[in-house]
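Residue strings, one per chain:
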Amino acid sequence: MASKSDTVVKLFIKPSTVKNTPNTIPGACPICQEWFMALYCLSKDFQKFEFTAELVTELPSTDWIKTSLSKPPGILILKGTAPNDDDLTGLVYDSLDVFLEIWECQGFLPPKRCPEQGVAEKAFLNLYGNFNAFLRDSSKETSLLKALNTLNKYLEEKQTKFLLGDHLSYADCTLIPKLHHLKIAAEAYKGFTIPLDYIYVWRYLKNAYKTSAFDESQPFDEDIVFMYQHKASCPAKFNPQCRDLHQTKTVPKEAYEGEADDE
């Protein structure tokens, strides 16, 4: 069986689109961040492979010439073997589900292989769609609040840091980027803040912000706001191309109340 150092994986993700952004900071694409977080967990927590990320607007045609994929995200295995010793060198993946199935890691199998993932995903199934609808039409706030309430109830019942337990899972890697976008963009365009009534959502964000997987992949707030400028029905409170760059991770103090301090 190959060791971690024998397998090297490269993830191609989109770069920032705001001015004067360091070329080491990923852009705001939530799918790219989902892929980054998942691969980061498999590399760091499960020690499955070495992992690097490259910021590109187009995928290298030499690697993807036999596929229809041209835009990131995409995965290229530079060298190495699967746990069953199949040679993976040079293979490319345009499906995160297919890639994750190779490694058989607990919490990182797609819903068809892990029913718990499917149950967790139902808890936020409509959240991102309702958020986008709210940006276009403020009358959709009720639907957004309903989706947040569904997620809050699920997290209250679980009483864990994350969707499946106290460690990140595939479902978390899907939800966290979208929930962070909601927090940043809804406030910038609509003055909307996640209500404190949904304290379990806030605690979930607090825990997400403490993870290295999020920290290493967090886009600038300005990138997130810029991403939705053509979707929102009104201008943002600020021009994302004309202010200093920020990476916000603030949560209300109430998210810490009644909980033991984290190690």
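Analysis parameters
Residues numbered from 1 in each chain as written. Predicted model: local features only at pLDDT ≥ 70, side-chain atom pairs only at ≥ 80, totals over all residues. Heavy atoms only, no water. Helix = DSSP H or I, 4+ residues; strand = E, 2+ residues; numbered from the N terminus. Buried < 20%, exposed > 50% of the residue type's maximum accessible area, 1.4 Å probe, protein only. Contact = heavy atoms within 4.5 Å. Areas by Shrake-Rupley, 256 points an atom, 1.4 Å probe, with all protein chains shown as cover. Lys, Arg positive; Asp, Glu negative; His and termini not counted. Charge placed at Lys NZ, Arg CZ, Asp CG, Glu CD. Pairing = 2+ DSSP bridges. Right-handed = clockwise from strand over helix to strand, strands pointing away. Salt bridge = Lys/Arg side-chain N within 4 Å of Asp/Glu carboxyl O. Expected span 1.5 Å × (residues − 1).

Student: Can you break down the overall build of the protein residue by residue, with the values?
Tutor: When you go through the protein residue by residue, the secondary structure sums to 10 helices and 4 strands. Secondary structure elements of the protein, listed N to C terminal, follow the sequence β-α-β-α-β-β-α-α-α-α-α-α-α-α. For the protein, with 263 residues in total, the buried portion stands at 50%. When contacts within the protein are restricted to residue pairs at least 6 apart in sequence, long-range pairs at least 24 apart make up 72% of them. As displayed, the protein has an accessible area near 12,800 Å², and 49% of this comes from carbon and sulfur atoms. Distance between charge centres in the protein, computed from 29 positive and 36 negative side chains, equals 5 Å.

Student: How would you summarise the environment of D87 if you had to cite specific residues and measurements?
Tutor: With respect to the element layout, D87 can be found in the loop between β3 (74-79) and β4 (92-93). The exposed category is assigned to D87, whose relative accessible area is 55%. Separated by 80 residues in the primary sequence, D87 and T7 place their C-alpha atoms 9.9 Å from one another. Contacts of D87, omitting those with residues within four sequence positions, involve G80 and T81.

Student: Now, about the pairing of strand β1 (residues 8-13): what can you tell me, with residues and values included?
Tutor: Within β1, 6 of the 6 residues are buried, which leaves the element mostly enclosed by the surrounding structure. Of the two faces of β1, the one holding V8, K10 and F12 and the one holding V9, L11 and I13 are both buried throughout. Note that β1 and strand β2 (residues 50-55) share 6 bridges and pair parallel. Counted as the bridge partner of V9 is F51 from β2. Following the chain from β1 across helix α1 (residues 30-44) to the adjacent parallel β2, one finds a crossover that is right-handed.

Student: Let's hear about the pattern of salt bridges: which residues, and what values?
Tutor: Within the structure shown, the criterion is met by 9 salt bridges. Residues K71 and E58 are paired through a salt bridge, measuring 2.5 Å at the closest nitrogen-oxygen approach. Placement of K71 in the loop between α2 (61-64) and β3 and of E58 in the loop between β2 and α2 is noted, with a sequence separation of 13 residues between them. On the accessibility criterion, K71 (44% relative accessible area) is partly exposed. A salt bridge links R113 to E101, with the shortest nitrogen-to-oxygen separation between them at 3.1 Å. With R113 in the loop between α3 (96-101) and α4 (115-122) and E101 in helix α3, this residue pair connects regions lying 12 residues apart in the sequence. Taken together, the shared-partner salt bridges connect E101, E104, K112 and R113 into one network.

Student: Give me helix α7 (residues 170-190): which residues, what numbers.
Tutor: Look at α7: 30 Å from first C-alpha to last across 21 residues, which is about the 30 Å you get at 1.5 Å a residue. Burial within α7 is extensive, with 19 of its 21 residues counted as buried. Backbone geometry just after α7 places G191 at a positive phi near 65°.

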